[in-house]
Amino acid sequence: MPPLANTLPISSISQFFPPRRGHANHRYRRFSGAQSSTADPYNRKNQTGVIIIGAGLAGLAAANQLTSKRIPFLLLEASDGVGGRVRTDIVDGFFLDRGFQIFITAYSEAKKLLDYESLDLQRFYAGAKVFYGGKFHTVADPLRHFWDSVASLTNPIGSVVDKGLIALTRARVLIKSDEEILTAADEVPTIDLLRKIGFSEAILDRFFRPFFGGIFFDRDLETTSKLFDFVFRCLALGENTLPAMGIGEISNQLAAKLPANSVLLNTRVASIEYPNGTGSDPPSVRLQDGGVMKAELGVIVAVEQPEVDKLLVGIRDPVMTKPGRSTICLYFTAETNQIPVQDPVLFLNGSNSGIINNMFFATNVARTYAPPGKALVSVSLIGSFEDRSDDDLAAEVIRELSGWFGESSVMSWKHLKTYRIQFAQPNQCPPTDLVKSPRVGSGLYLSGDYMTSATFDGALVSGRRAVEVLLREKGLI
């Protein structure tokens, strides 16, 4: 890589990039590296090498890539913490992820960036229990739970043929690389792919809709078959897990590897502007408080898809042409003796009735999610339910779960918190382009899961790609 001094004056490098000894310990449990002090070189000037807007996974991945290349940057985040949608709140000693999220260990980009051992990943059972016909039926991964799988061959969730087709689908996706899957020319809605493979309507309704519907927040399974194949491959190769201290530890770990004071929280961007027209210089960044920041090399926009269009008004056409996916996550607390099962398993609603899509006992997966003697229950709904209050939804969930587990267990649970996530995921129905170019204009780049696959890995990949394109255009790689 040519020296940065070919692009930035040597004074700029020393002014904006602190020595490596200022880096935070990447094993620190809670990210605390953001500062607003004017005593630090990162905050003293309104100019740096690269400005990244948004400290979600995509922005954090971009920042890590710049750090590895010794490129000065500032990461601006409007909220009070890093992670975007990948955050965990602590409420009364309970760890509450902001929405139903599972981390799959086979994500290839995540393997490069994250220290899995430090995350202390806690595993789910490799399969699910499906509520249908008034009782639960097991669907198990035959390679991990062979005898459970054999015992489930004749259950009503699907025929023996259906279960054989799952094995064939697994084999089909495993012979392809991630790139081959995501760049495939042929794509159809997932539901059309599954019907073409030959799956019965019974297994589609009782397993695929609640399971993959819970991943895509799309129970109709209109999401592109490319994303289905990608996720199915990851599930076959990896394990479903949660970090012991919450899903937000993924974001915290990425942030903790950045230079001290390179992240500015509570810093909202109002607009991105080309003061002299779209020439050869990067745009300037105007903050909500009236301040203006400039980048020598470029600006990477790593905010959620709906926010991109607000920031790029007058610069490019809207990037969000389909409505996003919405979900609601409700948390309940209970005494440990009020939990009817101890398995770390995901429960699916295969009954095609009610409002619940899936649920699990978080403390069965990670005991650390609750104080001693307490249990935490996580319930997920698909959609926004705008006409229903939180209390109304909580009461209906309790009534539904009483039919699943019995009133004696469920009626004593207490509603703790409800998360309404209006934009939980980009809508990736066909047609899609999952390898979009990050470049928008001179010195301006986009990053986010809507640019690639709507997964943890997609967000991480998009951050790296934005930096690679930026540096290549500047002749730095």
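Residues numbered from 1 in each chain as written. Predicted model: local features only at pLDDT ≥ 70, side-chain atom pairs only at ≥ 80, totals over all residues. Heavy atoms only, no water.

- Going by what an unreviewed UniProt entry lists, the protein is known as FAD/NAD(P)-binding domain superfamily and is assigned to Arabidopsis thaliana x Arabidopsis arenosa.

### With respect to the nonpolar core
Across soluble globular proteins, you tend to see nonpolar side chains buried next to one another.
Moving on, step 1. Counting residues in hydrophobic clusters, the biggest one holds 94 residues, and the most contacted among them are Ile 52, Phe 208 and Phe 212.
Moving on, step 2. If one sorts the elements of this core by residue count, helix α17 (residues 456-473) sits on top with eight residues.
Moving on, step 3. Counting 28 residues, the second-largest nonpolar core is a separate cluster that includes Ala 140, Leu 330, Val 379 and Leu 393. (Core = buried A, V, L, I, M, F, W, Y, C linked by side-chain atoms within 4.5 Å. Buried < 20%, exposed > 50% of the residue type's maximum accessible area, 1.4 Å probe, protein only. Helix = DSSP H or I, 4+ residues; strand = E, 2+ residues; numbered from the N terminus.)

### A short note on the environment of Asp 92
Moving on, step 1. Counting through the fold element by element, Asp 92 comes out in the loop between β3 (88-91) and β4 (94-97).
Moving on, step 2. When the C-alpha positions of Asp 92 and Pro 371 are compared, they lie 8.5 Å apart, and in sequence the two are 279 residues distant.
Moving on, step 3. Residues contacting Asp 92, with those up to four places away along its chain left out, are Pro 371 and Leu 416. (Contact = heavy atoms within 4.5 Å.)

### Remarks on the sheet that holds strand β15 (residues 346-349)
Moving on, step 1. With mixed pairing, seven strands are arranged side by side in an open sheet as β8-β7-β15-β16-β17-β14-β18. If you trace the sheet from one side to the other, it starts and ends with β8 (135-140) and β18 (414-425), each paired once. Ignoring strand direction, the axes of neighbouring strands in this sheet form an average angle of 25°.
Moving on, step 2. As defined by bridge partners, strand β7 (residues 127-132) adjoins β8 across six bridges and the pair is classed as antiparallel. The residue bridging Tyr 132 from the neighbouring strand is Lys 135, located in β8. (Pairing = 2+ DSSP bridges. Axes fitted to C-alpha atoms, helices over the stretch in contact; angles between N-to-C directions.)

### Some words on the pairing of strand β12 (residues 284-287)
For a regular strand, the rule is simple: side chains alternate between the two faces of the sheet.
Moving on, step 1. Bridging between strand β11 (residues 269-273) and β12 involves four bridges; their strand directions are antiparallel. Pairing of Ser 271 across the sheet is with Arg 286, part of β12.
Moving on, step 2. Pairing of β12 with strand β13 (residues 292-301) involves three bridges; the strand directions are antiparallel. Looking across to β13, one finds that Ser 284 is bridged to Lys 294.
Moving on, step 3. Here β12 hands over to β13 after four residues, with Gly 290 in that stretch at a positive phi of 100°.

### Digging into a nonpolar patch on the surface
Moving on, step 1. A contiguous nonpolar surface patch, about 520 Å² in accessible area, is contributed by Phe 146, Trp 147, Val 150, Leu 153 and Val 160.
Moving on, step 2. The element that contributes the greatest number of residues to the nonpolar patch is helix α6 (residues 146-151), accounting for three residues.
Moving on, step 3. Its location among the elements puts Val 160 in helix α7 (residues 160-174). (Patch = residues over 30% accessible without salt bridge, like charges linked within 9 Å, V, L, I, M, F, W, Y side chains within 5 Å. Areas by Shrake-Rupley, 256 points an atom, 1.4 Å probe, with all protein chains shown as cover. Salt bridge = Lys/Arg side-chain N within 4 Å of Asp/Glu carboxyl O.)

### Here we look at the pairing of strand β14 (residues 325-335)
Moving on, step 1. Most of β14 sits out of view: ten of its eleven residues are buried.
Moving on, step 2. Across nine bridges, the pairing between β14 and strand β17 (residues 374-382) is antiparallel. Its bridge partner lying in β17, Thr 327 is registered against Ile 382.

### Regarding the side chain of Ser 380
Moving on, step 1. Residue position: Ser 380 is located in strand β17.
Moving on, step 2. A residue is classified by how much of its surface remains accessible, and Ser 380, at 3% relative accessible area, is buried.

### Some thoughts on the sheet that holds strand β5 (residues 103-104)
Moving on, step 1. Ordered by their spatial adjacency, three strands build an open sheet running β5-β9-β6, and the pairing between neighbours is antiparallel. Taken across any chain shown, the strands that pair with only one partner, and hence form the sheet edges, are β5 and β6 (121-123).
Moving on, step 2. With three bridges joining them, β6 and strand β9 (residues 240-243) adopt antiparallel strand pairing. Its bridge partner lying in β9, Arg 123 is registered against Thr 241.

### Observations regarding the packing of helix α3 (residues 57-68) against helix α12 (residues 248-256)
Moving on, step 1. Contact pair α3 / α12: the axes reach a minimum separation of 9 Å and the direction vectors enclose 25°. When the interaxial angle is binned, α3 and α12 end up roughly parallel. For the crossing formed where α3 meets α12, the hand is left-handed. Facing Leu 57, Leu 60 and Asn 64 of α3, the residues of α12 in contact are Ile 250, Ser 251, Leu 254 and Ala 255.
Moving on, step 2. Considered class by class, the residues forming the contact of α3 with α12 number five nonpolar, two polar and no charged. (Parallel < 35°, antiparallel > 145°, perpendicular 65-115°, else oblique. Left-handed = near helix turned anticlockwise from the far one by under 90°. Nonpolar A, V, L, I, M, F, W, Y, C, P; charged D, E, K, R; others polar.)

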